[in-house]
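Descriptive analysis of the structure
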Amino acid sequence: MTTLTKDIRNIALVGHSGTGKTLLADAFLLNDGKINRLGSVREGTTTSDHTADEIERQMSLRASLMHVHHHGVKLNLLDAPGYIDFSGELRAVVHVADAAVMTVDATSGIEIGTEMAWEALEERNIPPFIAVTMLDKEHSDFDAVLSALQERWGDRVFPAQFPVNEGPALKSLVDVLKKKLLVFDDKGNYKEEAIPSEHQARVDELYEKLVELVAESDDSLLEKYFDEGELSSEEINNGLKNAVSSRTLFPLVCVSSEKNVGISRLGDILSELAPSPEMAGEAKGFRPGHEEETITRSVDASEPASIFVAAKASMSSIWRNILL
Ligand SMILES: Nc1nc2c(ncn2[C@@H]2O[C@H](COP(=O)(O)OP(=O)(O)OP(=O)(O)O)[C@@H](O)[C@H]2O)c(=O)[nH]1
Ligand SMILES: [Mg+2]
């Protein structure tokens, strides 16, 4: 099956070790029917952690690439190890991704690997989608993690969702973008319901904030917002995509891979809001044996194949594009 460039999303999965990147990738594969049951990190049965060392240590040691199809969009998932010793793998993944899902554990918040992942994304101007994970756990505290993230990276960290009944009974999320309650079934599908009245005021307030952030990302939208006090839903949707790509707004979503809550909606959000490789601009590199001559390639199916090679020997100068 041919996939057009505009229908591809290259998504890095980054974040502190043990925050659920590998299980998240497995949940995506499960929902796409690529596997028939969710793997287990402890039992060594996830798709991503497949080497003997990874199974023994119960953590990712190398980046792995998987893909799923989500309503006609191909999501390439690049699962990076979060453990600090493997930051080279993190940087290699970020180098070839157009967007990232940065996982943050709902029971522990910002950790050293979160900071490391954030820096790697910032360096290459990659838009992050922040996924608060493990929301099915007993001691998960979404609001505390959201506050910590906003304190650290400002109110551009925008909760596109918040959980209802976080902890072991989790099965619903309030979705601010859709202005709906999403109720997930055992297979990870969701149905939309009206927002329960006790959450309405929070959604209205957040939606207002969303419109402000979108307006701030574009001068012509800002002018219209000041003049008319509102934007059309089309302007909000298009503006939101640009706000994400330009890193003016960092959408925050909620997931539990264990319970398959939020994954299918994250697939929608990535398909709709993450940039395709077409937005990546030109790549510069060299031909083997002709290092002195820089050549440029645009992201276009008619261009020859290009390979990015990360030489691990020297950390400071490893990022070279070899173009064939
Ligand atoms: N309860 C619960 N446990 C989870 C969830 N997601 C992951 N876990 C568990 O958390 C542990 C770490 O998950 P991983 O997916 O390996 O985390 P990771 O981010 O890939 O970790 P590294 O590969 O070390 O970077 C495993 O024991 C998972 O089973 C979740 O949604 N809920
Ligand atoms: Mg992992």
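Residues numbered from 1 in each chain as written. Chains lettered and ligands numbered in written order. Predicted model: local features only at pLDDT ≥ 70, side-chain atom pairs only at ≥ 80, totals over all residues. Heavy atoms only, no water.

This part takes up the overall build of the protein chain. The helix and strand tally for the protein chain stands at nine helices and 15 strands. For the protein chain, the C-alpha atoms occupy an extent of roughly 65 × 55 × 40 Å along the three principal directions. A separation of at least 24 residues holds for 63% of the contacts in the protein chain among residues at least 6 apart in sequence. When the 32 basic and 54 acidic side-chain charges of the protein chain are each reduced to a single mean position, those positions are 5 Å apart. (Helix = DSSP H or I, 4+ residues; strand = E, 2+ residues; numbered from the N terminus. Contact = heavy atoms within 4.5 Å. Lys, Arg positive; Asp, Glu negative; His and termini not counted. Charge placed at Lys NZ, Arg CZ, Asp CG, Glu CD.)

So, about the domain arrangement of the protein chain. Under the domain assignment used here, the protein chain contains domain 1 (5–280) and domain 2 (282–324). Between the C-alpha centres of domain 1 and domain 2 the distance comes to 30 Å. (Domains from an automatic or database assignment.)

A few words on the site of ligand 1. Close to ligand 1 lie 19 residues, the nearest being Ser17, Gly18, Lys21, Gly82 and Asp136. A distance of 3.3 Å separates an oxygen atom of ligand 1 from a polar backbone atom of Glu258. Look at ligand 1: alone it shows 650 Å² of surface, and the protein chains cover 87% of it. Class assignment of the residues belonging to the shell around ligand 1 gives a composition of five nonpolar, ten polar and four charged. (Near = heavy atom within 4 Å. Polar contact = N/O pair within 3.5 Å; in protein donor to acceptor, adjacent residues only side chain to side chain. Areas by Shrake-Rupley, 256 points an atom, 1.4 Å probe, with all protein chains shown as cover. Nonpolar A, V, L, I, M, F, W, Y, C, P; charged D, E, K, R; others polar.)

The next subject is the coordination of the magnesium ion (ligand 2). Note on the magnesium ion (ligand 2): its protein donors are Thr22 (OG1) and Ser60 (OG). The metal-donor distances range over 2.0 to 2.1 Å. Pair noted here: Thr22 is in helix α1 (residues 21–31) and Ser60 is in the loop between α2 (52–57) and β2 (64–70), with a separation of 38 residues, a long-range link. Under the relative-accessibility criterion, Thr22 is labelled buried at 7%. (Donors = N, O, S within 2.8 Å, 3.2 Å for Na, K, Ca; no water. Buried < 20%, exposed > 50% of the residue type's maximum accessible area, 1.4 Å probe, protein only.)

Bringing helix α5 (residues 142–153) into the picture now. Between the first and last C-alpha of α5 there are 16 Å, a value that for twelve residues agrees with the 16 Å anticipated at 1.5 Å per step. Among the residues making up α5, those that are buried are Phe142, Val145, Leu146, Leu149 and Trp153. Here the buried residues of α5 occupy an arc of 100 degrees about the axis, which is enough to place them on one side. Remark: Gly154 follows α5 within two positions and exhibits a positive phi of approximately 85 degrees. (Expected span 1.5 Å × (residues − 1). Arc of directions from axis to C-beta.)

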